[in-house]
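So the chains spell out like this:
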Amino acid sequence: MIAILGTGKMGEALLSGLLRAGVRPGEVMATARREDRAAALRERYGVQVVSNSEAAKIADTLILAVKPQDMAALLAEIGPHVPAGRLVISAAAGITTSFVEARLGHEVPVVRVMSNTPVVVDEAMSVISAGAHAAEKHLRLAEDLLKPVGKVLRIPESQQDAATALSGSGPAYFFYLVEAMVDAGILLGMPRAAALDMVTQSIVGAAIMLRDSGEHPVILREAVTSPGGTTIAAIAELERHRVRAAFLDAIEAARDRSRELAGG
Ligand SMILES: NC(=O)C1=CN([C@@H]2O[C@H](COP(=O)(O)OP(=O)(O)OC[C@H]3O[C@@H](n4cnc5c(N)ncnc54)[C@H](OP(=O)(O)O)[C@@H]3O)[C@@H](O)[C@H]2O)C=CC1
Ligand SMILES: O=C(O)[C@@H]1CCC=N1
């Protein structure tokens, strides 16, 4: 039995992914803080929605998907109920495996995961790291859960905050880029729907090329950038506005924020 504790946006995305991957609704339980949310989850997925303590007692694998700021309270609530040897997977930004271990009172195997919202289309990027008491079999269990909904990479826990900034938050940067490009289309007099279509298909096409060609992004960009042409005129402006430097600073800020989150 798998339990998802704190079934919000990420928890629901993981829940739906597990069900798409063939896990039966009877093999998953969820928890929620509000009754209307619990009712919606029951109705949408046919899973049991139970209390945190019940989930902690029954499930073999607990996936903690509350906000980092709610993690200490959740761990205090479930701590007395988690039997020895249960796998605890923490999906929260910034929360270290030692934070979870210290609050669960015995040598609990903890795997830290940072996934991202493309889990809803089975294209997540999930990175996982083992806590002090997690063995190879626990990492494999986490991989088995996450592989059907995307790509999984093992990384040292020291890189988790950086991964959170890059791939956890990453989809937001691409949506932001799409918004900005669509605005540019509006500025040039393009109808909004057509601009959104053009930008979306361009980003999807570029993403698939990047993933499937094996080419370095510089090579792919150079192939678009004709001497004296349109693309270099745009890139000159991006460089003038220091967009690359802004990305370096932005992702560093996200990494720093992830580091802060375990402190509340
Ligand atoms: N959104 C994203 O792109 C990503 C998020 N994450 C991580 O996933 C976690 C969840 O984020 P997200 O899904 O965006 O946030 P949400 O607020 O959508 O989800 C958290 C859910 O947990 C519920 N909750 C809080 N405390 C409890 C409790 N004690 N018992 C039961 N349920 C509880 C909340 O209830 P209520 O609705 O009442 O507030 C909410 O539904 C975070 O730790 C975040 O760092 C990781 C990668 C990507
Ligand atoms: O913004 C956040 O804190 C979460 C973590 C990664 C993506 N969303």
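How each quantity is defined
- Residues numbered from 1 in each chain as written.
- Chains lettered and ligands numbered in written order.
- Predicted model: local features only at pLDDT ≥ 70, side-chain atom pairs only at ≥ 80, totals over all residues.
- Helix = DSSP H or I, 4+ residues; strand = E, 2+ residues; numbered from the N terminus.
- Contact = placed C-beta atoms within 7 Å.
- Near = placed C-beta within 6 Å.
- Nonpolar A, V, L, I, M, F, W, Y, C, P; charged D, E, K, R; others polar.
- Buried ≥ 20, exposed ≤ 12 C-beta atoms within 10 Å, placed from the backbone.
- Arc of directions from axis to C-beta.
- Domains from an automatic or database assignment.
- Axes fitted to C-alpha atoms, helices over the stretch in contact; angles between N-to-C directions.
- Parallel < 35°, antiparallel > 145°, perpendicular 65-115°, else oblique.
- Left-handed = near helix turned anticlockwise from the far one by under 90°.

K.L.:
Please explain the overall build of the protein chain as it appears in this structure.
P.N.:
A tally of helices and strands in the protein chain yields twelve helices and eight strands. For the protein chain, the C-alpha atoms occupy an extent of roughly 65 × 40 × 35 Å along the three principal directions. The long-range share in the protein chain, meaning contacts at least 24 apart out of those at least 6 apart in sequence, stands at 65%.

K.L.:
Explain the site of ligand 1 here, please?
P.N.:
Not every one of the 26 residues close to ligand 1 is listed here, only the nearest: Gly6, Gly8, Met10, Ala92 and Ala93. Listing elements by their share of the shell around ligand 1, those giving two or more residues are helix 1 (9-20) and helix 4 (68-78). If you tally residues by element for the shell around ligand 1, the top one is helix 4, at four residues. Within the shell around ligand 1, the residues separate by chemical class into eleven nonpolar, nine polar and six charged.

K.L.:
Teacher, can you tell me more about the site of ligand 2 here?
P.N.:
In the vicinity of ligand 2, the contacting residues are Ala93, Thr164, Gly168 and Ser169. In the shell around ligand 2, the residues fall into one nonpolar, three polar and no charged.

K.L.:
Sorry if this is basic, but what is going on with helix 7 (residues 160-168) here?
P.N.:
Because each turn of an α-helix spans 3.6 residues, side chains separated by three or four positions end up pointing in the same direction. All buried positions along helix 7 are accounted for by Gln160, Asp161, Ala163, Thr164, Ala165 and Gly168. Elements that come into contact with the buried residues of helix 7 comprise strand 6 (110-114), strand 7 (124-130), helix 8 (170-187) and helix 12 (243-261).

K.L.:
It is not clear to me how helix 4 should be interpreted in this structure. Could you clarify?
P.N.:
Residues of helix 4 that are buried: Met71, Leu74, Leu75 and Ile78. When helix 4 is viewed along its axis, its buried side chains cluster within an angular range of 100 degrees and face the same direction. Across from the buried face of helix 4, at angles greater than 90 degrees, the exposed residues are Ala73 and Ala76. In this structure, the buried side of helix 4 is in contact with strand 1 (2-5), helix 3 (52-58), strand 4 (61-64) and helix 5 (97-104).

K.L.:
For this particular structure, what's the right way to read the domain arrangement of the protein chain?
P.N.:
A common way to report how large an interface is uses the accessible area buried once the components associate. Each domain of the protein chain was delimited in the assignment, giving domain 1 (2-160) and domain 2 (170-261). A separation of 32 Å is found between the C-alpha centroids of domain 1 and domain 2. The partner domain 2 presents six residues to the seven residues of domain 1 that form the contact. In the side of domain 1 that touches domain 2, the residues fall into four nonpolar, three polar and no charged.

K.L.:
Help me understand the environment of Arg86, please; the structure alone is not making it clear to me.
P.N.:
Counting through the fold element by element, Arg86 comes out in the loop between helix 4 and strand 5 (87-90). What makes Arg86 partly exposed here is the crowd of 19 C-beta atoms within 10 Å. Placed 15 residues apart in sequence, Arg86 and Glu101 show a C-alpha to C-alpha distance of 12 Å. If we skip the residues at most four places from it in the chain, Arg86 touches Asp60, Leu62 and Val108.

K.L.:
Help me understand the packing of helix 8 against helix 9 (residues 192-213) in this model?
P.N.:
When two helices pack together, their arrangement is given by the angle between the helix axes and by the axis-to-axis distance. Two elements in contact, helix 8 and helix 9, have axes whose closest approach is 9 Å; the angle formed by their N-to-C orientations is 135 degrees. Of the possible angle classes, the one that applies to helix 8 and helix 9 is oblique. Between helix 8 and helix 9 the crossing geometry is right-handed. When helix 8 is examined against helix 9, the residues Phe174, Val178, Met181, Val182, Gly185 and Ile186 are found in contact with a partner set consisting of Arg192, Ala195, Leu196, Met198, Val199, Thr200 and Ile203.

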